[in-house]
Amino acid sequence: MPKVELNKALINYEARGEGQPIVFLHGLGGSWKMWLPQIDAFSSRYKMIMLDMRGHRESTKTFPNDKFSARVMAEDLKLFLDELNITKTHLVGLSYGSVTAQLFASKYSSYIDKLILSNGYSEIPTKV
């Protein structure tokens, strides 16, 4: 498994296929392996990039200030794409991955070709 170091974290990922990239973000408690059933459907036409987001499986478990945050994961994603020299991608987020994808899209929309969100929600503010 390849890993990249960024933002004081090691991010584990798997890449399969060739073509325009699609980045897949898993839900809370998941890993890149949840996307295994999609490999046959997508990897013949696209470069699938599936990562273990910070705090999950083989990626770094710590967060700045010890606070679990989708905002940190969105920043990780930006640095991850920069490290892999990806300037435009389709982005797929499931559940908590869709929260991260939305936060990323709101700040870095120029990176996104298509945004696909499933079973998601907006980030819930901690202060009302």
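Structure shown above.
Description of the overall build of the protein chain
Stage number 1. Secondary structure summary: the protein chain contains 3 helices and 6 strands in total.
Stage number 2. Its C-alpha radius of gyration of 14 Å places the protein chain within 12% of the 14 Å reference for a compact globule of 128 residues.
Stage number 3. By its C-alpha atoms, the protein chain is 45 × 25 × 25 Å across when sized along the principal axes.
Stage number 4. Each of the 128 residues in the protein chain was classed as buried or not, and the buried ones make up 45%.
Stage number 5. Of the roughly 6,900 Å² of accessible surface on the protein chain, 51% is carried by carbon and sulfur atoms.

A few points about the pattern of salt bridges
Stage number 1. In total, this model carries 6 salt bridges according to the counting rule given.
Stage number 2. Taking the shortest distance from any N to any O, the salt bridge between lysine 107 and glutamate 75 comes out at 3.1 Å. Residue lysine 107 is located in helix H3 (residues 96–107), and its partner glutamate 75 is located in helix H2 (residues 70–83); the two are separated by 32 residues in the primary sequence.
Stage number 3. The exposed category is assigned to lysine 107, whose relative accessible area is 54%.

Points about empty space enclosed by the protein
Stage number 1. Tallied over the full model, the rule gives 1 cavity of 30 Å³ or more.
Stage number 2. Along its surface, the largest cavity is lined by Leu6, Ile11, Leu25, Leu51, Met53, Arg54, Met73, Asp76, Leu77, Phe80 and Thr100.
Stage number 3. Here the element with the most residues in the lining of the largest cavity is H2; it accounts for 4 residues.
Stage number 4. The residue makeup of the lining of the largest cavity, split by class, is 8 nonpolar, 1 polar and 2 charged.

So, the packing of aromatic side chains
Stage number 1. The final tally for this structure, using the stated rule, is 7 aromatic pairs.
Stage number 2. Ring centres of phenylalanine 24 and tryptophan 35 lie 4.9 Å apart, and the angle between their planes is 50°; on these two criteria the pair is classed as tilted. Separated by 11 residues along the polypeptide, phenylalanine 24 in strand E3 (residues 20–25) and tryptophan 35 in the loop between E3 and helix H1 (39–42) bring together distant segments of the chain. Assigned by exposure class, phenylalanine 24 and tryptophan 35 land together as buried.
Stage number 3. On the numbers, 6.4 Å between centres and 55° between planes, the contact of phenylalanine 42 with tyrosine 46 is tilted.
Stage number 4. We classify phenylalanine 42 as partly exposed; its relative accessible area is 29%.

Conventions we followed
Residues numbered from 1 in each chain as written. Predicted model: local features only at pLDDT ≥ 70, side-chain atom pairs only at ≥ 80, totals over all residues. Heavy atoms only, no water. Helix = DSSP H or I, 4+ residues; strand = E, 2+ residues; numbered from the N terminus. Rg over C-alpha atoms; globule rule 2.2 N^0.38 Å. Buried < 20%, exposed > 50% of the residue type's maximum accessible area, 1.4 Å probe, protein only. Areas by Shrake-Rupley, 256 points an atom, 1.4 Å probe, with all protein chains shown as cover. Salt bridge = Lys/Arg side-chain N within 4 Å of Asp/Glu carboxyl O. 1 Å grid on protein atoms, 1.4 Å probe; cavity = no way out; pocket = protein on both sides within 12 Å on 5 of 7 lines; lining within 4 Å. Points joined across faces, edges and corners; volume = space filled by probe spheres on them. Nonpolar A, V, L, I, M, F, W, Y, C, P; charged D, E, K, R; others polar. Phe/Tyr/Trp six-rings, centres within 6.5 Å; stacked < 30°, edge-to-face > 60°.

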